[in-house]
Amino acid sequence: NLPPKISFAHLDGDLYLSIKQSLELVYPKLAPGAVVVVDDYCDPLRLLRHDLFPGSFDACDEFFADKPETMQVLPAPHPGYLDRNGFTFPAQYETHAYFVKA
C-alpha cells in the first residue's frame, strides 16, 4: 500500500526489473517537486565499470524516454572500494542519481 501522494522515495533494487517496476508504481503518485533517488545508477558515460549494475541505469533510461524528468548523478567517491579491487580509474563511482518530479 502506498500513500496517495509521495514527496520522497529511495529506490534500491539494483536490477533492471525491480527498478523499472518501482518507477512504474511510484511515479504516478509523486507530488510535483517530489524527489526520487535511485541506487546503483551507473552511467556508462561517466563510469568505466558500467557493468557493475547496468540494470538501474537501463531501467531509468527507458522509463524517462517519454517524460520531462532527467536523472542527475550524485557522484560518490569510494577510494576503499576502488583500492580493494585494484581499479585504476579515478576514485569516483556514482552510486546514486535522482530526479525531481515536474
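Heads up: the structure comes first, above all this text.
Residues numbered from 1 in each chain as written. Predicted model: local features only at pLDDT ≥ 70, side-chain atom pairs only at ≥ 80, totals over all residues. Heavy atoms only, no water.

Draft legend 1. Summary view of the nonpolar core. In terms of nonpolar packing, the biggest core is built from 21 residues, with Leu11, Leu23, Leu30, Cys60, Phe64, Met71 and Phe99 touching the most fellow members. Counting residues per element, the ones that place at least two in this core are strand S1 (6–11), helix H1 (16–26), strand S2 (30–39), helix H2 (54–63) and strand S4 (96–100). For Leu11, the contacting residues outside a window of four places in its chain are Ile19, Ser22, Leu23, Val26, Val36, Val37, Val38 and Asp39. (Core = buried A, V, L, I, M, F, W, Y, C linked by side-chain atoms within 4.5 Å. Buried < 20%, exposed > 50% of the residue type's maximum accessible area, 1.4 Å probe, protein only. Helix = DSSP H or I, 4+ residues; strand = E, 2+ residues; numbered from the N terminus. Contact = heavy atoms within 4.5 Å.)

Draft legend 2. Fine view of the pairing of S1. Of the pairings in the sheet, the one linking S1 to S2 comprises 5 bridges and is parallel in character. Bridging across to S2, Ala9 finds its partner in Val36. Each parallel crossover has a hand, and for S1 linked through H1 to S2 it is right-handed. (Pairing = 2+ DSSP bridges. Right-handed = clockwise from strand over helix to strand, strands pointing away.)

Draft legend 3. Just H1, in detail. Among the residues of H1, those classed as buried are Ile19, Lys20, Leu23 and Val26. Viewed along the axis of H1, the buried residues span an arc of 145°, placing them on a single side of the element. Buried positions along H1 lie against S1, S2, H2 and S4. (Arc of directions from axis to C-beta.)

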